[in-house]
Amino acid sequence: MMSTVMNSADSQPARIPGYDGGPLTHQTGLLEEPLFWLGHLSSCVQSEEAEELLFGADYDAAGDFQRLLWEQAEWPTFTVPLAADHRLYVVYRTFTEDTGTDYLLHHPDWDHAELLARDDGHFMGPALSWPELVAAADNVLLGGSTTDPHARLLLLLPAFGDDEVPDEAVGRLADALRARTCVEDPESLAAVLLEDQGASGPACWTTAGHGLSVNDGPYSFRNPVNRCALPADHLVRVANALAP
């Protein structure tokens, strides 16, 4: 199964300014594989209950699929377009000793992309509030890896963290899980994922001066008090680019 997916990859490498590594390849066929989503969402699982709901009988198959994904030389890269020519990039970093998924934001006028989250053994995030996540998933803009809002929502979910999730969020996430995976109980899984919210856990988002959206996550680049925080002017441009 994996070999079929790999053969469908776009062989032309892409470049993200200021981001080293690769070659980056647009492997959109992965988004059609239910087993891909199980591995992609695995970092969102923080309990045995969530693990069982996510993997079920596909635990071994999902593990084999993910292992082959990380062993390839190419770096699968996915794009979610935003308003005013901004782009969110999701990059599978397949370094042998440093695998992980990077979430970046770029605009053609910027000299480099902003790293918003790292999903690996040294997790950094969250990068997105729930309104920002939904806005990116639903904007129907062309030019990305997929226009499907369910795929976009799941693709960006590991970079999300928000302690004020609306009641309808469970149904929204369940719809995405039902559309893109083969999990048996998408409603229960959605509820658990939104309760645990992965490695970062829920973060409190506030609006600072000039409409700047920031959070209090201890590992977030968008928390201005962190030592790893983006510079103030970069926080502003990131917030403006992601604004719902």
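One can find the structure itself at the top, above this paragraph.
Just so it is clear, the model here is predicted, and its values are computed rather than measured. (Residues numbered from 1 in each chain as written. Predicted model: local features only at pLDDT ≥ 70, side-chain atom pairs only at ≥ 80, totals over all residues. Heavy atoms only, no water.)

## Quick word on the side chain of threonine 94
Then, in step 1: Note that threonine 94 resides in strand 3 (residues 87-95).
Then, in step 2: Polar contacts involving the side chain of threonine 94 include one to the main-chain carbonyl oxygen of glutamine 72, which spans 3.0 Å.
Then, in step 3: When near neighbours in sequence (up to four residues on either side) are disregarded, threonine 94 contacts Leu69, Trp70, Gln72, Ala73, Glu74, Trp75, Pro76 and Thr99. (Helix = DSSP H or I, 4+ residues; strand = E, 2+ residues; numbered from the N terminus. Polar contact = N/O pair within 3.5 Å; in protein donor to acceptor, adjacent residues only side chain to side chain. Contact = heavy atoms within 4.5 Å.)

## A word on the pattern of salt bridges
Then, in step 1: One pass over the structure, following the stated rule, counts 12 salt bridges.
Then, in step 2: Two residues, aspartate 120 and arginine 93, come together in a salt bridge whose shortest N-O distance is 2.9 Å. In this pair, aspartate 120 is assigned in the loop between strand 5 (114-119) and helix 5 (130-138) and arginine 93 in strand 3, connecting sequence segments 27 residues apart. Taken as a pair, aspartate 120 and arginine 93 share a single burial class, namely buried.
Then, in step 3: Ionic pairing is found between arginine 172 and aspartate 138, a salt bridge with its closest N-O pair at 2.6 Å. One end of the pair, arginine 172, is in helix 7 (residues 169-180); the other, aspartate 138, is in helix 5, with 34 residues separating them in the sequence. (Salt bridge = Lys/Arg side-chain N within 4 Å of Asp/Glu carboxyl O. Buried < 20%, exposed > 50% of the residue type's maximum accessible area, 1.4 Å probe, protein only.)

## A few points about the pairing of strand 4 (residues 98-106)
Then, in step 1: The element strand 4 is extensively covered by neighbouring structure, given that 7 of its 9 residues are classed as buried.
Then, in step 2: Of the strand pairs in this sheet, strand 3 and strand 4 are connected by 9 bridges, and their pairing is antiparallel. Bridged to tyrosine 89 within strand 4 is leucine 104.
Then, in step 3: Between strand 3 and strand 4, which pair antiparallel one after the other, the connecting turn spans 2 residues.
Then, in step 4: In this structure, strand 4 lies alongside strand 5, joined through 5 bridges in antiparallel fashion. Bridge pairing in strand 5 links leucine 105 to glutamate 114. (Pairing = 2+ DSSP bridges.)

## Structural notes on the nonpolar core
Then, in step 1: Core analysis: the largest hydrophobic core is formed by 63 residues, its most contacted members being Phe36, Leu88, Leu105, Leu156 and Leu173.
Then, in step 2: Sequence-distant contacts of phenylalanine 36, that is, excluding residues within four places in its chain, are made with Leu30, Leu31, Phe65, Gln66, Leu69, Phe78 and Tyr92.
Then, in step 3: Counting 8 residues, the second largest nonpolar core, distinct from the first, contains Leu24, Tyr89, Leu104 and Ala113. (Core = buried A, V, L, I, M, F, W, Y, C linked by side-chain atoms within 4.5 Å.)

## A closer look at the packing of aromatic side chains
Then, in step 1: Going through the model one piece at a time under the given rule, you end up with 9 aromatic pairs.
Then, in step 2: For the pair tyrosine 19 and tryptophan 75, a centre-to-centre distance of 6.2 Å together with 70° between the ring planes defines the contact as edge-to-face. One end of the pair, tyrosine 19, is in the loop between helix 1 (2-7) and strand 1 (24-25); the other, tryptophan 75, is in strand 2 (residues 75-81), and 56 residues separate them in sequence. Each member of the pair, tyrosine 19 as well as tryptophan 75, is classed as buried.
Then, in step 3: Here the aromatic cluster, defined as three or more aromatic residues joined through ring pairs, consists of Phe36, Trp37, Trp70, Phe78 and Tyr92.
Then, in step 4: Over the face of the ring belonging to tryptophan 110 we find arginine 237, whose NZ or CZ atom lies 4.1 Å from the ring centre. (Phe/Tyr/Trp six-rings, centres within 6.5 Å; stacked < 30°, edge-to-face > 60°. Lys NZ or Arg CZ within 6 Å of the ring centre and 35° of its normal.)

## Regarding the environment of glycine 209
Then, in step 1: Positionally, glycine 209 belongs in the loop between strand 6 (205-207) and strand 7 (213-215).
Then, in step 2: When its relative accessible area of 45% is taken as the criterion, glycine 209 is described as partly exposed.
Then, in step 3: Spatially, the C-alpha atom of glycine 209 lies 37 Å from that of aspartate 98, the residues being 111 residues apart in sequence.

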